[in-house]
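Spelled out from the first residue to the last, the chains are:
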Amino acid sequence: MGSDGMDVGFLGLGIMGIAMARNLLKRGFKVTVWNRSPAKCEELAKEGASIGSSPADVVKKCPITIAMLADPSVALSVALGPDGVVEGISPGKGYVDMSTVDSGTSSRIAEAVAAKGGDFLEAPVSGSKQPAEMATLIILAAGSKSLFDKVRPAFDAMGKKSFYLNDVGGGAKMKLVVNMIMGSMMAAFSEGLSLADKAGLSQQTLLEVLELGAMGNPMFKMKGPSMIDGKYTTAFPLKHQQKDMRLALALGDELAQSMPVAAAANETYKKARSLGLGDQDFSAVHQALAHEAANASDSAKAAA
Ligand SMILES: NC(=O)C1=CN([C@@H]2O[C@H](COP(=O)(O)OP(=O)(O)OC[C@H]3O[C@@H](n4cnc5c(N)ncnc54)[C@H](OP(=O)(O)O)[C@@H]3O)[C@@H](O)[C@H]2O)C=CC1
Ligand SMILES: O=CC(=O)O
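Being a predicted model, the structure only gives us computed values, none of them experimental.

Thresholds applied
- Note on numbering: residues in each chain are counted from 1, in written sequence order.
- Chain labels run from A onward and ligand labels from 1 onward, assigned in the order the entries are written.
- The model is predicted, so local features are restricted to residues of pLDDT at least 70 and side-chain atom pairs to those at 80 or more, both for listing and for counting; the totals for chains, interfaces and linings are taken over all residues.
- Calculation of side-chain values draws on the structure's entire complement of heavy atoms; hydrogens and water are dropped beforehand.
- Only protein chains enter the accessibility calculation, which uses a 1.4 Å probe. A residue is then buried if its area is under 20% of the maximum for its type, exposed if over 50%, and partly exposed in between.
- Secondary structure elements follow DSSP: runs of H or I of four or more residues count as helices, runs of E of two or more count as strands, with numbering from the N terminus.
- Any two strands with at least two DSSP-identified bridges between them are counted as paired.
- Any two residues whose heavy atoms approach within 4.5 Å are treated as being in contact.
- What makes a residue near a molecule or strand is one non-hydrogen atom of that residue sitting within 4 Å of it.
- We call two N or O atoms a polar contact when they sit within 3.5 Å, provided that within protein one can donate a hydrogen and the other can accept it, with sequence-adjacent residues counted only if both atoms are side-chain atoms.
- Surface accessibility follows the Shrake-Rupley procedure with a 1.4 Å probe radius. Residue values consider only the protein chains on display as shielding.
- Ten residues, namely Ala, Val, Leu, Ile, Met, Phe, Trp, Tyr, Cys and Pro, are considered nonpolar, four, namely Asp, Glu, Lys and Arg, are considered charged, and the remaining ones, Gly among them, are considered polar.

Chemist: Would you take a moment to explain the pairing of strand β5 (residues 94-97) for this structure?
Modeler: In regular strands, side chains alternate between the two faces of the sheet. Burial along β5 is two-sided: the face carrying Gly-94 and Val-96 and the face carrying Tyr-95 and Asp-97 are both buried. Across 4 bridges, strand β4 (residues 64-67) lies against β5 in parallel orientation. The residue bridging Ile-66 from the neighbouring strand is Val-96, located in β5. Judged from the 4 bridges that link them, β5 and strand β6 (residues 119-122) form a sheet pairing that is parallel. For Gly-94, the partnering residue across the bridge sits in β6 and is Asp-119.

Chemist: When you look at the side chain of Ser-103 in this model, what are you seeing that I'm missing?
Modeler: Here Ser-103 is to be found in helix α6 (residues 103-115). The buried category is assigned to Ser-103, whose relative accessible area is 17%. Dropping the residues within four chain positions of it, Ser-103 is found in contact with Gly-169, Ala-172 and Lys-173.

Chemist: So what exactly am I meant to see when it comes to the site of ligand 1 here?
Modeler: Inspection of the region around ligand 1 gives 25 residues, with Asn-35, Ser-37, Lys-40, Ser-128 and Lys-243 positioned closest. Between Lys-40 and ligand 1, the recorded distance is 2.6 Å, taken from a side-chain N or O atom to an oxygen atom. Between Thr-100 and ligand 1, the recorded distance is 3.1 Å, taken from a backbone N or O atom to an oxygen atom. In the complex, 87% of the free accessible area of ligand 1, which totals 890 Å², lies under the protein chains. Looking at the shell around ligand 1, the elements with two or more residues in it are α1 (15-26), α4 (72-80) and α12 (238-254). Taken together, the residues of the shell around ligand 1 break down into 12 nonpolar, 8 polar and 5 charged.

This is the structure in structure tokens:
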């Protein structure tokens, strides 16, 4: 399916949003963008985008508006705040929020959009900076089925597979489960690298052993070598991974689902944030463990 010159609004040009909006432009969509920091809009304007003056302005200009924003409080303020999305909604307009948020946030936005006669779809994505650039995201949509069908060409321009997961909440919850697993895996991987190092083993050999067996996976393969070098170039900011752990744990609380592994991993991400690592890649959780190790060895020296 092609774009047929379809008009789409795009709010939020962070690491993910700028790559996704760029793919829409490349596939022939007419894109109107808005971002809190205007410099990023200028960058896309050079590639053919129009710039809206506020979220409400973008929604008024476009039949469908997509958002990719930091977290629940930002998603709520951009949707419901002054000059926000809901101010621009009128019957027939569609709003697609692709940010990773909890289902309660999504439902509040859905209700406000519906009250103005609009359609709402939540559509968080699995896949990081590179899949966003390569248009290979996995899209986890839920909400209005007719809006899902209408926005499908745009999803196809940004991703490799789109799931329709029924009522609002289905996409948000699926994304949180997936990222809770990813965050726990990364924390365990970081502990393993640190333990191997302390045990006098080659971390490089550990990577090779993992890769050859059933635990081999693209994430360890891609992130492992730079983690060994202590480099954490941001693709998925650690502060967002910790937000996802927190939201997944809240879902577990609500459903009385025991999640001891995720709870322990969350503590490590919190520690990493407290060390000022929130804007680095989530693999910098490895640094928090190195910090613990350095502190432990300082205490041992002091006690000796
Ligand atoms: N990076 C990744 O690998 C992935 C991220 N996600 C999720 O996608 C969403 C976006 O992620 P990502 O692009 O990495 O995040 P970034 O932190 O790079 O971008 C966040 C976006 O939110 C905007 N924003 C932040 N605070 C405010 C505010 N107070 N008011 C208005 N706008 C604001 C930023 O604007 P400004 O430019 O002005 O700061 C920016 O456009 C998050 O929910 C994240 O969890 C999902 C899959 C992968
Ligand atoms: O949310 C992050 C991702 O890589 O997916």
